[in-house]
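If you want the building blocks of each chain, they are given just below.
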Amino acid sequence: MIYSTGELANFSPRYHFLYEPSMSCRAYVKLVITDQVFGAVMGTCVGDALGVPVEFVNRNLLTAKPIIGMIGHGTWDHPPGT
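Residues numbered from 1 in each chain as written. Predicted model: local features only at pLDDT ≥ 70, side-chain atom pairs only at ≥ 80, totals over all residues. Heavy atoms only, no water.

What's the story with the overall build of the chain in this structure? I'm lost.
On a plain count of helices and strands, the chain comes out with 3 helices and 0 strands. Beginning at the N terminus, the succession of helices and strands in the chain can be written as α-α-α. Per-residue burial over the chain gives 10% buried out of 82 residues. By element, 65% of the accessible surface of the chain is carried by carbon and sulfur atoms, the whole surface being about 6700 Å². (Helix = DSSP H or I, 4+ residues; strand = E, 2+ residues; numbered from the N terminus. Buried < 20%, exposed > 50% of the residue type's maximum accessible area, 1.4 Å probe, protein only. Areas by Shrake-Rupley, 256 points an atom, 1.4 Å probe, with all protein chains shown as cover.)

Okay, structure coming up:
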């Protein structure tokens, strides 16, 4: 389905701040997709970094001794925050 520029701006209110009246539909869609890809990559990086200290750790151990801050020297023996 092809949208006109005006329809596209109304279609995606989350990205309304990116829209400028002089933009083509293609440029607007490119901005939206770029923003979504960037968010997905950043979310993956943060999730991976926060999950390293508890990788391969038994759930019972985590229940008995929960993680409440940045820790180091987990599975890969890295200092805190790396």
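The discussion continues.
Honestly, a nonpolar patch on the surface in this entry has me stumped. Any pointers?
On the surface, Val29, Ile33, Val37 and Val41 cluster together into a nonpolar patch covering about 310 Å² of accessible area. Tracing the backbone through its elements, the reader meets Val41 in helix 2 (residues 25-51). With relative accessibility at 45%, the residue Val41 sits in the partly exposed group. (Patch = residues over 30% accessible without salt bridge, like charges linked within 9 Å, V, L, I, M, F, W, Y side chains within 5 Å. Salt bridge = Lys/Arg side-chain N within 4 Å of Asp/Glu carboxyl O.)

How do you make sense of unusual backbone geometry when you look at a structure like this?
Only a minority of non-glycine residues have a phi that is not negative, and only a minority of peptide bonds are not trans. Here Phe56, not a glycine, exhibits a phi torsion of approximately 65°, which is positive. With respect to the helices and strands, Phe56 occurs in the loop between helix 2 and helix 3 (59-64). For Phe56, a relative accessible area of 71% gives the class exposed.

I would appreciate a short explanation of the confidence of the model for the chain in the present structure.
Detailed reading of the predicted model is not advised wherever pLDDT is low. Put simply, the chain has an average pLDDT of 75, and 71% of its residues get 70 or more. When mean pLDDT is compared element by element in the chain, helix 3 scores highest at 90, while helix 1 (residues 5-11) scores lowest at 52. (pLDDT = per-residue confidence, 0-100.)

Would you explain the environment of Leu62 in this entry?
Relative to the elements of secondary structure, Leu62 occurs in helix 3. The contact partners of Leu62, leaving out residues within four places of it in the chain, are Val54, Val57 and Ile67. (Contact = heavy atoms within 4.5 Å.)

Would you mind going over the environment of Val52 with me for this structure?
One can find Val52 in the loop between helix 2 and helix 3. Sequence-wise, Val52 and Gly72 are 20 residues apart; in three dimensions their C-alpha atoms are separated by 9.2 Å.

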